[in-house]
Amino acid sequence: VDIEAGHVHTIKIDVGEAQQVTGEISDDGTYIVSGTRTEPVTITGGNPTIYLENADINITNDNHAINIQNGNPTIYISGTNNISVDEDTYGAGIYVAENSSVTITGTSEDDVLVVTGGSGGSGIGGYTSNNTWESHPCGNITIENITVRATSNKPEVTGGFAAAIGACGDQTVESITISNAVVYANSGGNGDYGGAGIGGGVSEYSGFGQREFDISIVDSEIHVSRGCPYASYIGAGGTRFEQTNYKIIPSAKITNSTIYNESGAVITQ
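Not measured: the values here are computed from a predicted model.

*Asks:* Teacher, can you tell me more about the state of the cysteines here?
*Replies:* Chemically, a disulfide is nothing more than a covalent bond linking the sulfur atoms of two cysteines. All chains considered together, the criterion is met by 0 disulfides. Not engaged in a disulfide, the cysteine Cys168 finds its nearest cysteine sulfur in Cys138; these two sulfurs lie 9.0 Å apart. We note that Cys228 lacks a disulfide partner, and the nearest cysteine sulfur, in Cys168, lies 14 Å from it.

Shown next as structure tokens:
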């Protein structure tokens, strides 16, 4: 609106009411999740807007805390939110299916998302299925204007090891974009196998999957740990038998950002 001195201006703002999440989301509506919840939030289509306001979602069966099967939701973070899957059950904290995308955003680093995957699951990204131990690819992940603490867990029995943010096992992630954020990404592993903190995982059966990653980090502070000494911090996972030869994949686009490893040392490409 062009404001002119000496004139009265009337501005009308229409605000839709946010709905509590009671079932699957498949539209472009606005939804709110707050308080304690033991059922997943499932998105099956559309471009919904979802507000997490001091929410605590904990899943104790084989599922994802937030399950993006299809669609392109925007998740607004307000306050401190804890999103998790128990470590002995299978699923991602926030699963983003292939050909889908999620934008996770807030207003400042005081808006915090703590997100933890289950057995063989990313905090945000892909996961390993129970029984078949099949790994699943994931879509596009954007994180901006918040603090994220993401953790992946090693598989309970066998199968795919996941990045804290990104892919699982030998599968792919389409893209990861982080801007104006503080991110802690901690990958699970068992000493011989482990995912990257941000990027890809590794499979006990078929080793590496994706080799190149579309990763962009701008104006951010990143604290990252890898699942085993043979994985990268940002890029591919690794094994004792297939080791990465870099700490940060050369193709990652990192601008005006600082990357710290688990000991607090600055690492560079």
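*Asks:* Please explain the sheet that holds strand β17 (residues 165-166) as it appears in this structure.
*Replies:* Within a beta sheet, neighbouring strands are joined by backbone hydrogen bonds and run either parallel or antiparallel to one another. Pairing in this open sheet of 7 strands is parallel, and the strands run β3-β5-β8-β11-β17-β21-β25 from one edge to the other. Two strands in the sheet have a free side with no partner beyond their single neighbour: β3 (41-43) and β25 (234-235).

*Asks:* It is not clear to me how the pattern of salt bridges should be interpreted in this structure. Could you clarify?
*Replies:* Side chains carrying opposite charge are able to pair once their charged atoms draw close together. Applying the stated rule across the entire model yields 3 salt bridges. The residue Arg240 makes a salt bridge to Asp192 at a minimum N-O spacing of 2.8 Å. Placement of Arg240 in the loop between β26 (238-239) and β27 (253-255) and of Asp192 in the loop between β19 (182-186) and β20 (193-194) is noted, with a sequence separation of 48 residues between them. The exposure class assigned to Asp192 is partly exposed, which follows from its relative accessible area of 27%. Residues Asp214 and Lys253 are paired through a salt bridge, measuring 3.4 Å at the closest nitrogen-oxygen approach. Linking Asp214 in the loop between β22 (202-203) and β23 (215-218) with Lys253 in strand β27, this pair joins segments that are 39 residues apart in sequence. On the basis of relative accessible area, Lys253 is assigned to the partly exposed category, the value being 44%.

Cut-offs applied
Residues numbered from 1 in each chain as written. Predicted model: local features only at pLDDT ≥ 70, side-chain atom pairs only at ≥ 80, totals over all residues. Heavy atoms only, no water. Disulfide = S-S within 2.5 Å. Pairing = 2+ DSSP bridges. Helix = DSSP H or I, 4+ residues; strand = E, 2+ residues; numbered from the N terminus. Salt bridge = Lys/Arg side-chain N within 4 Å of Asp/Glu carboxyl O. Buried < 20%, exposed > 50% of the residue type's maximum accessible area, 1.4 Å probe, protein only.

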